[in-house]
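Structural characterization, general
Next come the chains, spelled out residue by residue.
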Amino acid sequence: SAPAPALGVLVSSLVLACPQALLASPSASSVRKLPLRQLFRPRYTRDVHSRASTSTCFPVLARIAGREFKGQMSYADGSLNKVPLALEGSTQCTIDGTNVRVTSTATFPNGKKRVVAMSGTVEGDGPFQLNPESDIGPIRLVMTEIPPCTVLIHELERASGRIVLAGSMSIDADASQITQISHEIGEDGQITGAQVWHFRSSGS
């Protein structure tokens, strides 16, 4: 059986719980985490001086760094039927040189709250990886920025390397809103659902 998922926007959300599991059971303890697959094997470094500035290291994420964004998720199944499931959540990104940290939360219908923190280091202009700060986290993220406003995201199962979520995050012109769309991928490679998150800066 597949391990449980995370919340991502942010990226990623970011890394949220699987809506299908929520539909199957109202108990948050039954929520399974989505699995993932390794697509890139970029190099990583902890040299915070290897790139000139925050905006150079993360030209897209720098636009939203240091602020909390709150929002809601809508969901559709693999046949694009709308599902009456709504989750609330938040995401926040912090940058220190070549290091980035993303903290995401999700509040389930039963009121239980889940917090996921992921961090990583970037080198060069290629994809970079975020790993869970807890060793027991089952997923990792591979992300790449497409300036000026887009981040592409793969959620991967750490154990198998299988991709379980593929999506993108888009930031609006004044960096006050984030839209993240993620497609869930089953073990057979078929799309099993779609998560659509709309976030707004809590200061706007």
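As a starting point, this report considers the structure included with it. (Residues numbered from 1 in each chain as written. Predicted model: local features only at pLDDT ≥ 70, side-chain atom pairs only at ≥ 80, totals over all residues. Heavy atoms only, no water.)

Quick look at the overall build of the chain
To keep things clear, this is the line we draw: Numbered from the N terminus, helices here are DSSP runs of H or I no shorter than four residues, and strands are runs of E no shorter than two. Only protein chains enter the calculation, and the probe is 1.4 Å; a residue is then buried if its accessible area is under 20% of its type maximum, exposed if over 50%, and partly exposed in between. To be clear on the numbers: accessible area is Shrake-Rupley with a 1.4 Å probe, and residue cover counts the displayed protein chains and nothing else.
Helix and strand counts for the chain come out as three helices and ten strands. When the helices and strands of the chain are read in sequence order from the N terminus, they spell out α-α-α-β-β-β-β-β-β-β-β-β-β. Looking at the chain as a whole, 49% of its 204 residues are labelled buried. Total accessible area on the chain is roughly 9,600 Å²; 51% of this is exposed by carbon and sulfur atoms.

Topic: the pairing of strand S8 (residues 163–171)
Heads up, the rule is: What makes two strands pair is DSSP finding at least two bridges between them.
Strand direction decides the pairing type here: strand S7 (residues 150–157) and S8, joined by seven bridges, are antiparallel. Opposite Thr150, over in S8, you have Ser170 as the bridge partner. Where S7 hands over to S8, the hairpin turn is made up of five residues, of which Gly161 adopts a positive phi near 80°. One ladder, built from seven bridges, connects S8 with strand S9 (residues 177–185); its direction is antiparallel. Considered in S9, the bridge of Ser170 is made with Thr179. Hairpin remark: S8 followed by S9, antiparallel, with five residues in the connecting loop; positive phi at Ala175, about 55°.

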